[in-house]
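A closer look at the structure
Here's the letter readout for the chains.
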Amino acid sequence: MNKLRFGQLFAMLLLSSAFGALCQTTALTMEGLFGAAIAAAVQILLCLPMLHLYARGFSFT
């Protein structure tokens, strides 16, 4: 099974956030920018335990 590297995970998170930003049709506000930054931080924090498990050799197979 292939392992995800940190750069690949970062690219996936960045692309998912970029897609939402590109599809947004309303004007950007300061609250919206803070919300996007908080959402990106939460996504990274949720992925850290998974990265830790994979670094220790965990596999779903």
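Right, let's walk through the structure included here. Residues take numbers from 1 onward in each chain, read along the sequence in its written order. Residues qualify for local features only when their pLDDT is at least 70, as the model is predicted, and side-chain atom pairs are given and counted only at 80 or more; totals for whole chains, interfaces and linings, by contrast, use all residues. Only heavy atoms go into the side-chain values, all of them from the structure, while hydrogens and water stay out.

**What about the overall build of the chain?**
Going by this rule: Only runs of H or I of at least four residues qualify as helices and only runs of E of at least two qualify as strands under DSSP, and these elements are numbered from the N terminus. Between the two quantities, the radius of gyration covers C-alpha atoms and the globule rule is 2.2 Å times the number of residues to the power 0.38. Any residue under 20% of the maximum accessible area for its type is buried, any over 50% is exposed, and the rest in between are partly exposed; the area is computed with a 1.4 Å probe on protein chains only. To measure how exposed things are, a 1.4 Å probe is used in the Shrake-Rupley method; for residues, cover is taken only from the protein chains shown.
Counting secondary structure elements, the chain contains 2 helices and 0 strands. For a compact globule of 61 residues, the expected C-alpha radius of gyration is about 10 Å, and the chain comes in at 15 Å, more than 25% above that figure. Along the longest, intermediate and shortest principal axes, the C-alpha atoms of the chain span 45 × 20 × 15 Å. Per-residue burial for the chain yields a buried fraction of 8% across its 61 residues. Accessible surface, the chain as shown: approximately 5200 Å² in total, 74% of it carbon and sulfur.

**So, a nonpolar patch on the surface**
Spelled out, the test is: Residues form patches when they are more than 30% accessible in relative terms and have no salt bridge. Like charges link within 9 Å. Nonpolar side chains (Val, Leu, Ile, Met, Phe, Trp, Tyr) link within 5 Å. The rule for a salt bridge is simple: a side-chain nitrogen of Lys or Arg has to be within 4 Å of a carboxyl oxygen of Asp or Glu.
A cluster of nonpolar side chains, namely L28, M30, L33, F34, I38, V42 and L46, defines an oily patch on the protein surface of about 770 Å² accessible area. Here V42 lies in helix α2 (residues 30-55). A relative accessible area of 41% means that V42 is categorised as partly exposed.

**Let's talk about the environment of S16**
Relative to the helices and strands, S16 is located in helix α1 (residues 6-22). Judged by its relative accessible area of 40%, S16 is partly exposed.

**Description of the packing of α1 against α2**
As a reminder of what qualifies: As a rule, the C-alpha atoms of each element are fitted with a line to give its axis, helices using only the stretch in contact, and angles between N-to-C directions run from 0 to 180 degrees. Convention used here: angles under 35 degrees read as roughly parallel, angles over 145 as roughly antiparallel, angles from 65 to 115 as roughly perpendicular, and any remaining angle as oblique. Take the far helix as the reference: if the near one is turned anticlockwise from it by less than a right angle, the crossing is left-handed, and if turned clockwise, right-handed. The criterion used for residue contact is that any of the two residues' heavy atoms lie within 4.5 Å. Lys, Arg, Asp and Glu make up the charged group, whereas Ala, Val, Leu, Ile, Met, Phe, Trp, Tyr, Cys and Pro make up the nonpolar group; the residues left over, Gly among them, are polar.
Interhelical geometry of α1 versus α2 gives an angle of 155° and a closest axis separation of 12 Å. Considering the angle they form, α1 stands roughly antiparallel to α2. As for how α1 packs across α2, the hand of that crossing is right-handed. Together, F6, L9, L13, S16 and S17 of α1 and Q43, I44, C47, M50 and L51 of α2 make up the contact between the two elements. Class assignment of the residues belonging to the contact of α1 with α2 gives a composition of 7 nonpolar, 3 polar and no charged.

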